[in-house]
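Residue-level structure breakdown
So the chains spell out like this:
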Amino acid sequence: MDEQEFGFETQAIRTHIDKTHYQEHSTPLFLSSSFVFEDAEDMRASFTEEKERNIYSRFSNPNTTEFVDKVCVMEGAESGYAFATGMAAIYSSFAALLSSGDHIVSAGSVFGSTHALFMTYFPKWNITTSYFDINQPETIESFIKPNTKILYAETPTNPGVDVIDLEFLGQIAKKHNLILIIDNCFATPYIQQPIKYGAHIVIHSATKLMDGQGRVLGGVAVGQADLIRQIYLFSRNTGPAMSPFNAWVLSKSIETLSLRVERHCENAMKVAEFLENHPNVNSVKYPFLKSHPKYEIAKKQMLLGGNIIAFEIKGGIDAGRAFLDKIKLCSLSANIGDAKTIVTHPASTTHSKLSIEEKLAVGISEGLVRVSVGLETVKDVIADLEQALS
């Protein structure tokens, strides 16, 4: 069979680097900072990239190569590079592709650290960002300037779980010759493949559902080969590379990604339905609830609804804090995509550095709670949320 004919699960499991002379069935861990050369000519040809081979693990390593290859196959990407964290992937991608004087058009609903890059750090290098309202995508073109180079969005968003039409973004990027970068972390490649809709670069925090057990940090950017080449050269010189150990763990984790994500989503749907009917909850956002304002778009571009739910608790910030203090089974943590269900209060944690106006602009109220639904018995998760809400 042609490799392209294999299903998602087969590709996730059977994509691997060449076996060593030991003919191992499971890819070994290559804990080596560097690699040796046969002679002076081999060394010269390797450094001039006439040969494709491992030189130094800041550049590449067999374990990071296998991990990246798997993500590329799953996302339908030409090339990729693995990073120490998801934020390293975001920063390095923008830093590699932008120059002083360039402009970004981004959805206003972005992760807090991404917002800090756009508003605090990039302006130091004369790189500016304009935000559009993710619920008003028809306004995007009004923000595009002659120096606009990148169009950026998360979908679903963190933490508001808003959804934007990827096909529409792809059309705008093509019309205006922009690089479309999508953070696909909440969906994973199993649920959504933005490249199908015109994305040039797709970024993941592999720390989340790709790992799935809260063990290691990691990030990855995959996409169009010529753009990834620029990101690779920048990263090769600045050093945000993923460690071989983390890549080895993540490559193993990806083998069970589809199974885990399906159960996450099954549990999340049941939790979302419970919350939607609870008298102490004002509103619930989950992409596959029919009440989600972008339900039809979510159904079009996502296989499943994901494992993240955002809900507004009645009583504002005081009720939100009381709810968190009463949680018993679920974890209070800033991570998501773990086997353990996690509840977070974004206004006081992940997005705490935003002003009240900035929070409201991206849909974060004082009473908003984010739930990353795990793999526990779902009735136990619901029982914990119910007692905390009562």
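Rules used in this analysis
Residues numbered from 1 in each chain as written. Predicted model: local features only at pLDDT ≥ 70, side-chain atom pairs only at ≥ 80, totals over all residues. Heavy atoms only, no water. Pairing = 2+ DSSP bridges. Helix = DSSP H or I, 4+ residues; strand = E, 2+ residues; numbered from the N terminus. Right-handed = clockwise from strand over helix to strand, strands pointing away. Domains from an automatic or database assignment. Contact = heavy atoms within 4.5 Å. Buried area = accessible area lost by both parts, 1.4 Å probe. Salt bridge = Lys/Arg side-chain N within 4 Å of Asp/Glu carboxyl O. Polar contact = N/O pair within 3.5 Å; in protein donor to acceptor, adjacent residues only side chain to side chain. Nonpolar A, V, L, I, M, F, W, Y, C, P; charged D, E, K, R; others polar. Axes fitted to C-alpha atoms, helices over the stretch in contact; angles between N-to-C directions. Parallel < 35°, antiparallel > 145°, perpendicular 65-115°, else oblique. Left-handed = near helix turned anticlockwise from the far one by under 90°. Phe/Tyr/Trp six-rings, centres within 6.5 Å; stacked < 30°, edge-to-face > 60°. Buried < 20%, exposed > 50% of the residue type's maximum accessible area, 1.4 Å probe, protein only. 1 Å grid on protein atoms, 1.4 Å probe; cavity = no way out; pocket = protein on both sides within 12 Å on 5 of 7 lines; lining within 4 Å. Points joined across faces, edges and corners; volume = space filled by probe spheres on them.

**Quick notes on the pairing of strand 3 (residues 128-132)**
Sheet topology places strand 2 (residues 103-107) next to strand 3; five bridges connect them, and they run parallel. In the strand pairing of strand 3, V105 is matched with S130. Read as a crossover between parallel neighbours, the route from strand 2 over helix 5 (residues 112-121) to strand 3 is right-handed.

**Quick look at the domain arrangement of the protein chain**
Domain annotation of the protein chain identifies domain 1 (8-253) and domain 2 (257-389). Taken over C-alpha atoms, the centre of domain 1 sits 26 Å from the centre of domain 2. On the side of domain 2, 38 residues touch domain 1, which itself brings 39 residues to the contact. Note on domain 1 versus domain 2: buried area summed over both sides is about 3200 Å², and carbon and sulfur give 60% of it. Where domain 1 touches domain 2, the interface holds three salt bridges. Between K300 and D165 there is a salt bridge, with its nearest N and O atoms 3.0 Å apart. At the boundary of domain 1 and domain 2, one finds 16 residue pairs in polar contact (both at pLDDT 80 or more). Per-class residue counts for the side of domain 1 that touches domain 2 are 18 nonpolar, 15 polar and six charged.

**Examining the packing of helix 11 (residues 257-276) against helix 15 (residues 378-389)**
Axis separation between helix 11 and helix 15 bottoms out at 10 Å; the angle between their running directions is 30 degrees. With respect to helix 15, the element helix 11 is oriented roughly parallel. The two elements helix 11 and helix 15 meet at a crossing, and its hand is right-handed. Contact residues: N267, K270, V271, F274 and L275 in helix 11; V378, V381, I382, L385, E386 and L389 in helix 15.

**Quick notes on the sheet that holds strand 2**
Taken together, the seven strands give an open sheet; going across it, the order is 1-7-6-5-4-2-3, and neighbouring strands pair in mixed fashion. Each edge of the sheet is formed by a strand with only one pairing partner; in this case those strands are strand 1 (79-83) and strand 3. For this sheet the average axis-to-axis angle between neighbouring strands, irrespective of direction, equals 20 degrees. Note that strand 6 (residues 201-205) and strand 7 (residues 219-223) share five bridges and pair antiparallel. Within the sheet, the bridge partner assigned to I201 lies in strand 7 and is G223. On top of the sheet, helix 7 (residues 166-175) reaches strand 4 (148-154) and strand 5 (179-183); it is set at about 155 degrees to strand 5, its chief contact.

**With respect to the packing of aromatic side chains**
For the structure shown, the criterion picks out 15 aromatic pairs. On the numbers, 5.8 Å between centres and 65 degrees between planes, the contact of Y56 with F59 is edge-to-face. Note on Y56: relative accessible area 35%, which makes it partly exposed. Where F94 meets F118, the ring centres are 5.4 Å apart and the plane angle is 75 degrees; that geometry is what we call edge-to-face.

**Focus: the pattern of salt bridges**
Enumeration over the complete set of coordinates arrives at 14 salt bridges. Measuring nitrogen to oxygen at the nearest pair gives 3.4 Å for the salt bridge that ties K70 to E255. One end of the pair, K70, is in helix 3 (residues 62-75); the other, E255, is in the loop between helix 10 (244-254) and helix 11, with 185 residues separating them in the sequence. Taking the relative accessible area as the measure of exposure, K70 reaches 1% and is therefore buried. One salt bridge in this structure joins E266 and R263, with 3.8 Å as the shortest N-O distance. Linking E266 with R263, this pair stays in helix 11, spanning three residues, or about one helical turn. Of the residues examined, E266 reaches a relative accessible area of 38% and is grouped as partly exposed. R263 sits in the partly exposed class, given a relative accessible area of 43%. Overlapping salt bridges bring together E41, R44 and E50 as one network.

**Re empty space enclosed by the protein**
Counted under the stated rule, the structure contains one cavity of 30 Å³ or more. By volume, the largest cavity is sized at about 40 Å³. For the lining of the largest cavity, the residue count by class is six nonpolar, three polar and no charged. Domain assignment of the residues forming the lining of the largest cavity places at least three in each of domain 1 (8-253) and domain 2 (257-389).

**Considering the layout of surface pockets**
In this structure, the largest pocket encloses a volume near 950 Å³. Listed by contribution, the elements that provide at least two residues to the lining of the largest pocket are helix 3, strand 1 and helix 9 (225-238). Per-class residue counts for the lining of the largest pocket are 16 nonpolar, ten polar and eleven charged. Reported here for the second largest pocket is a volume of approximately 400 Å³. For the second largest pocket, the lining is made up of 21 residues, of which G86, M87, F111, S205 and K208 are closest to its centre.

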